[in-house]
There are 2 protein chains.
Amino acid sequence: MQDHFIGIDLGGTKVLTGVFDQKGHCMAKAKMKTRGEQGFEAVTARMVKSAKDAMEQSGIAISDIRGIGVGAPGTISADGNRVAFAPNLQWKDVPLKAALEAKLGRPVWLDNDCSAATLGIHRAEFGAKPRDLVAIFIGTGIGAGIIANGAFLKGAHSNAGELGHMILEPGGSSCSCGNRGCYEALASRSAIFRKVKAALEDGRKTLLVEDPSASFTKLRSGKLRRAVEGGDALAIELLEETSRYTGMAIANLCNLLNPEAVVLGGGLMEQLHEIMMPAIRKTAMKCIMLGARHGLKITATALGDDAGITGAALLAEERSR
Amino acid sequence: MQDHFIGIDLGGTKVLTGVFDQKGHCMAKAKMKTRGEQGFEAVTARMVKSAKDAMEQSGIAISDIRGIGVGAPGTISADGNRVAFAPNLQWKDVPLKAALEAKLGRPVWLDNDCSAATLGIHRAEFGAKPRDLVAIFIGTGIGAGIIANGAFLKGAHSNAGELGHMILEPGGSSCSCGNRGCYEALASRSAIFRKVKAALEDGRKTLLVEDPSASFTKLRSGKLRRAVEGGDALAIELLEETSRYTGMAIANLCNLLNPEAVVLGGGLMEQLHEIMMPAIRKTAMKCIMLGARHGLKITATALGDDAGITGAALLAEERSR
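Bear in mind that the values here come from a model prediction, so they are computed numbers and not experimental data.

**Student:** Hey, could you run me through the side chain of B:Arg189 in this one?
**Tutor:** All names here are of chain B. You can see Arg-189 is positioned in helix α5 (residues 189-201). Despite its burial, Arg-189 pairs with no opposite charge, the nearest such side chain being Asp-305 at 9.0 Å. When near neighbours in sequence (up to four residues on either side) are disregarded, Arg-189 contacts Gly-139, Thr-140, Leu-219, Arg-220, Ser-221, Gly-267 and Leu-268.

Rendered as structure tokens:
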């Protein structure tokens, strides 16, 4: 019986894969490093390996799988067959669908990672009930998925959802896109990393760096959480600042779209939502107009890191109907 | 034959009314001052007078009218019968539909003024073709209407479109809503008025004020245009600044929603679009991500001041089907 689905969340750092039954229940998961620097062939081989690992754990054979959904960190070509551009993986116009179908022998559907995760949140967490919902994903970068009038909002050329490039502070920090003061340049994990680096250069002490003589090259969300829990002043200050920006971004979205729910996900939220949500909600509620505050739910996704694989599996389920 | 429609655009300053034939052609218009300070009864009497004036000019009798649409500057109650809140008119929960129906004897439909004008632009100007379109109205305040996935985006509680309260500059100018740095507090006619006032206090000379000893209490869009045409440095500077903010607001919308078209209207644009559009487009195109720039049209509405009455008449036509 081909009544199971595989959902793959392809990230810049890791590949997360889940096997789901017909009811959308996750039976098993597998995680691998992406190693994008090894190129397209190697990454697709690792995706296949991760799918096989998850199937083995779940006891489900490839003959039981109806289809495979993939959320990829970039834009998908109009025909849905290729990843048009994925800057974190340095992919440009690669035939991901065909490559995976050749190796797994089952149909594959691609979508943008934020879109897939939003689908997971909207359907699996909210039972597809809200006609207007926004999901925001905060990690290395920031993206969003919008449900408007009950349907996914793709926009004229499938480029909607670039919330990370909403200008929130004209003339503010430089963004990778070439502009200044984008939300992503103010409140993503990369933005926090840059601010920690600048603070270290100013001679500030922080629990975020054990060995001040070593070069500071990476900031993990878990480390940020532990630093805050340890009372680190710099980490607390930076998270308060970024929470304010996220609150404003949410307010801008709510004043514009008046959704029923705003749901936060992504690596930074996965680790830090308990610490950040109160400050995020406070700023957001202060800045949202009265009419758009009514009945509004602002919450971290209950699916956590699984939003992406859940949505990718649902994508396969929807497309294979 | 009841095959004609009346569209009324109720503004804080003026009431504009048009009689439209079955093809959506405007046969005659009438304009009156609103005089909101005289209260609800007096304003509705003036709306009725303006409708009768327009009918008289067009040679159309009330028996030829199938319905009347009204765009009102505020929020409409969920049942569509009352204006829930219109701050500029100091109206709270007034029975506008019943009052007009009692006096005109024909069915009346109410909508928010920005929503009605957006409907006019989308249907009459763009032939209802774009599935994703945003209309922005810049005058005393700033509002927007959003067409998403081919339908009007109202949001969970009909409060979508509050673009004027998108925070564009945290800690910036105070806004009437209580927050700081809202787009409306930076780039509406009221914002320009405040900036002129501050410049006068700093001793700056400007063509905007003929008699510096008289108190500066009003700034009309037409006067701003003439000052720019006369080479007035302050007026030029302020319009460049506000055009930049409008360009950024458009970029934020386009990165988020990826519409096919962004259309600008409202009193300030009606008078100043020729002067402001090049600077608005320049900033917007610089800040919109490559993918969302594709095929994008950023333009002033060809309907000008008639967008509101056109949309209000179309509202009546749609609802009376």
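So much for the structure itself; the text now carries on.
**Student:** Looking at this model, I keep getting lost on the relation of the copies chain A and chain B. Mind explaining?
**Tutor:** Between the two copies of this chain, the relationship is a rotation about some axis together with a displacement along it. Laying chain A over chain B is done by rotating through 180 degrees and shifting 0.0 Å along the axis; what remains is an RMSD of 0.0 Å. Taken together, the rotation angle and the small translation identify this as a two-fold axis. Looking at the interface residues of chain A, 100% of them are also at the interface in chain B, so both copies use one shared face.

**Student:** Just checking my understanding: could you explain a positive patch on the surface for this structure?
**Tutor:** All names here are of chain A. Taken together, the side chains of Lys-33, Arg-35, Lys-218 and Arg-220 present a region of like positive charge at the surface. With respect to the element layout, Lys-218 can be found in the loop between α5 (189-201) and α6 (221-229). The exposure class of Lys-218 is exposed, given its relative accessible area of 55%.

**Student:** Just checking my understanding: could you explain the packing of α5(B) against helix α7 (residues 233-257) of chain B for this structure?
**Tutor:** Two packed helices can be described by the angle between their axes and the distance between those axes. Residues and elements named next belong to chain B. Following both chains from N to C, one finds α5 and α7 inclined at 140 degrees, their axes separated by 11 Å at the closest point. On the basis of their axis angle, the class for α5 and α7 is oblique. Viewed along their axes, α5 and α7 form a crossing whose handedness is right-handed. On α7, the residues touching Ile-192, Lys-195, Val-196 and Ala-199 of α5 are Leu-234, Leu-238, Leu-239, Glu-241, Thr-242 and Tyr-245. Of the residues assigned to the contact of α5 with α7, the class counts are seven nonpolar, one polar and two charged.

**Student:** What should I look at first to understand the sheet that holds strand β6 (residues 83-86) of chain B in this one?
**Tutor:** Hydrogen bonds along the backbone pair up the strands of a sheet, which may run parallel or antiparallel. Residue and element names in this part refer to chain B. Spatially, β5-β6-β7 is the arrangement adopted by the three strands of the open sheet, whose pairing is antiparallel. One side of each edge strand has no neighbouring strand; the edge strands of this open sheet are β5 (75-76) and β7 (91-94). The sheet contact formed by β5 and β6 spans two bridges and is antiparallel. The residue of β6 that forms the bridge with Ile-76 is Val-83.

**Student:** Sorry, what's going on with the sheet that holds strand β5 (residues 75-76) of chain A here?
**Tutor:** All names here are of chain A. Here we have three strands laid out as an open sheet, ordered β5-β6-β7, and antiparallel in their pairing. Pairing within the sheet leaves two strands with one partner each, and these edge strands are β5 and β7 (91-94). Relative to β7, strand β6 (residues 83-86) runs antiparallel, the two sharing three bridges. Counterpart to Phe-85 in the pairing with β7 is Lys-92.

**Student:** For this particular structure, what's the right way to read helix α3 (residues 113-125) of chain B?
**Tutor:** Each full turn of the α-helix corresponds to 3.6 residues, which orients residues three or four apart in the same direction. All names here are of chain B. Here α3 spans 17 Å end to end across 13 residues, near enough to the 18 Å set by a 1.5 Å rise per residue. Every buried residue of α3 is accounted for by Cys-114, Ser-115, Ala-116, Ala-117, Thr-118, Leu-119, Gly-120, Ile-121 and His-122. The N-capping residue of α3, defined by a side-chain oxygen 2.9 Å from the backbone nitrogen of Cys-114, is Asn-112.

**Student:** Quick question: what am I supposed to make of the packing of α6(A) against helix α7 (residues 233-257) of chain A here?
**Tutor:** All names here are of chain A. At a closest axis distance of 8 Å, the pairing of α6 and α7 adopts a crossing angle of 115 degrees. With respect to each other, α6 and α7 are oriented roughly perpendicular. The handedness of the crossing between α6 and α7 comes out as left-handed. For the pair α6 and α7, contact is made by Leu-224, Ala-227 and Val-228 and by Ala-235, Ile-236 and Leu-239, respectively. Classifying every residue of the contact of α6 with α7 by side-chain character gives six nonpolar, no polar and no charged.

Each value, and the rule that gives it
Residues numbered from 1 in each chain as written. Chains lettered and ligands numbered in written order. Predicted model: local features only at pLDDT ≥ 70, side-chain atom pairs only at ≥ 80, totals over all residues. Heavy atoms only, no water. Helix = DSSP H or I, 4+ residues; strand = E, 2+ residues; numbered from the N terminus. Buried < 20%, exposed > 50% of the residue type's maximum accessible area, 1.4 Å probe, protein only. Lys, Arg positive; Asp, Glu negative; His and termini not counted. Salt bridge = Lys/Arg side-chain N within 4 Å of Asp/Glu carboxyl O. Contact = heavy atoms within 4.5 Å. Least-squares fit on C-alpha atoms with pLDDT ≥ 70 in both. Patch = residues over 30% accessible without salt bridge, like charges linked within 9 Å, V, L, I, M, F, W, Y side chains within 5 Å. Areas by Shrake-Rupley, 256 points an atom, 1.4 Å probe, with all protein chains shown as cover. Charge placed at Lys NZ, Arg CZ, Asp CG, Glu CD. Axes fitted to C-alpha atoms, helices over the stretch in contact; angles between N-to-C directions. Parallel < 35°, antiparallel > 145°, perpendicular 65-115°, else oblique. Left-handed = near helix turned anticlockwise from the far one by under 90°. Nonpolar A, V, L, I, M, F, W, Y, C, P; charged D, E, K, R; others polar. Pairing = 2+ DSSP bridges. Expected span 1.5 Å × (residues − 1). Polar contact = N/O pair within 3.5 Å; in protein donor to acceptor, adjacent residues only side chain to side chain.

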